[in-house]
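# Residue-level structure breakdown
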Amino acid sequence: RQLFSRRIQQSERLELLLADFRHAIKLVYSGGRKPFLLSMLAIIGQWMSRFSILLAVLLALGLDLDLFRIFFLQWMVFVAMLFVPTPGGTGGAEAAFLLVFRNLIPHTVVGPAMAGWRLMTYYFMLLVGVGILFGTGKKSTEERLETALK
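Residues numbered from 1 in each chain as written. Predicted model: local features only at pLDDT ≥ 70, side-chain atom pairs only at ≥ 80, totals over all residues. Heavy atoms only, no water.

A few words now on the overall build of the protein chain. Scanning the protein chain from terminus to terminus reveals five helices and zero strands. The linear arrangement of helices and strands in the protein chain, starting from the amino end, is α-α-α-α-α. Seen along its three principal axes, the alpha-carbon backbone of the protein chain occupies a region of about 60 × 55 × 40 Å. The burial tally for the protein chain puts 21% of its 150 residues in the buried class. Sequence-distant contacts in the protein chain: of pairs separated by 6 or more residues, those separated by 24 or more amount to 60%. Surface accessibility of the protein chain: about 11,600 Å² in total, with carbon and sulfur atoms responsible for 70%. (Helix = DSSP H or I, 4+ residues; strand = E, 2+ residues; numbered from the N terminus. Buried < 20%, exposed > 50% of the residue type's maximum accessible area, 1.4 Å probe, protein only. Contact = heavy atoms within 4.5 Å. Areas by Shrake-Rupley, 256 points an atom, 1.4 Å probe, with all protein chains shown as cover.)

On the surface, L119, M120, F124, M125, V128 and I132 cluster together into a nonpolar patch covering about 540 Å² of accessible area. Here M120 shows up in helix α5 (residues 107-149). Judged by relative accessible area, M120 falls into the partly exposed class, the value being 39%. (Patch = residues over 30% accessible without salt bridge, like charges linked within 9 Å, V, L, I, M, F, W, Y side chains within 5 Å. Salt bridge = Lys/Arg side-chain N within 4 Å of Asp/Glu carboxyl O.)

Attention shifts here to the pattern of salt bridges. Enumeration over the complete set of coordinates arrives at one salt bridge. The salt bridge involving R118 is made with E94; its shortest N-O contact spans 3.1 Å. Taken as a pair, R118 in helix α5 and E94 in helix α4 (residues 92-101) lie far apart in primary sequence, 24 residues in all. When sorted by exposure, R118 lands in the same class as E94, which is buried.

Moving on, we come to the environment of I105. Examined against the element boundaries, I105 turns out to sit in the loop between α4 and α5. Measuring from C-alpha to C-alpha, the distance between I105 and W75 comes to 16 Å, with 30 residues separating the pair along the chain. Those residues in contact with I105 that sit more than four places away from it in its chain are L58, L63, L65, F97, V110 and A113.

Enumeration over the complete set of coordinates arrives at ten aromatic pairs. For the ring pair F51 and F71, a centre distance of 5.4 Å and an interplane angle of 45° mean the geometry is tilted. Of this pair, F51 sits in helix α2 (residues 33-60) while F71 is found in helix α3 (residues 67-82), placing the two residues 20 residues apart along the sequence. As far as the burial class goes, F51 and F71 line up, both buried. An angle of 75° between the planes, with centres 4.9 Å apart, marks the rings of Y122 and Y123 as edge-to-face. Ring-pair connections join several aromatic residues into one group, and the members of that group are W47, F51, F68, F71, F72, F78, F97, F101 and W117. The aromatic ring of W47 is capped on one face by R50, whose charged end is 5.1 Å from the ring centroid. (Phe/Tyr/Trp six-rings, centres within 6.5 Å; stacked < 30°, edge-to-face > 60°. Lys NZ or Arg CZ within 6 Å of the ring centre and 35° of its normal.)

The subject of this paragraph is the side chain of T121. Secondary-structure assignment places T121 in helix α5. Overall, T121 belongs to the buried group, its relative accessible area being 9%. At a separation of 2.8 Å, a polar atom in the side chain of T121 contacts the main-chain carbonyl oxygen of W117. In this structure T121 touches R50 and I53, once residues within four positions along its chain are discounted. (Polar contact = N/O pair within 3.5 Å; in protein donor to acceptor, adjacent residues only side chain to side chain.)

Here you go:
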């Protein structure tokens, strides 16, 4: 009996999901084509930039590799990072990188390549976020103090 009720719940969820999808398609076609296309272009640009970082690191290290292959193998690393239950896939990203690229990148530079890739794709952005957090948090604290003292 419970199994049957679960199937009903799942079919209801699927119907709601499909209704939401149809509604979103109607919104796009009723006047949201330009914002939709612009957002898709921005997403494509963002992912192209992210996947180009390793290519730039490898070129900076003087490696002449199959850049297309490297570009697409990164997808495997990013997917593997999704299954690591730490913020940003920390630890798992590095392990996945080594597993995927250990036979493609020479052993003498695989460590620096991984460090440069991870620094630019995660730690640099983390530091930028911390800087923004402290920068905006400090202003709002000062503003609250000034408002409280008035």
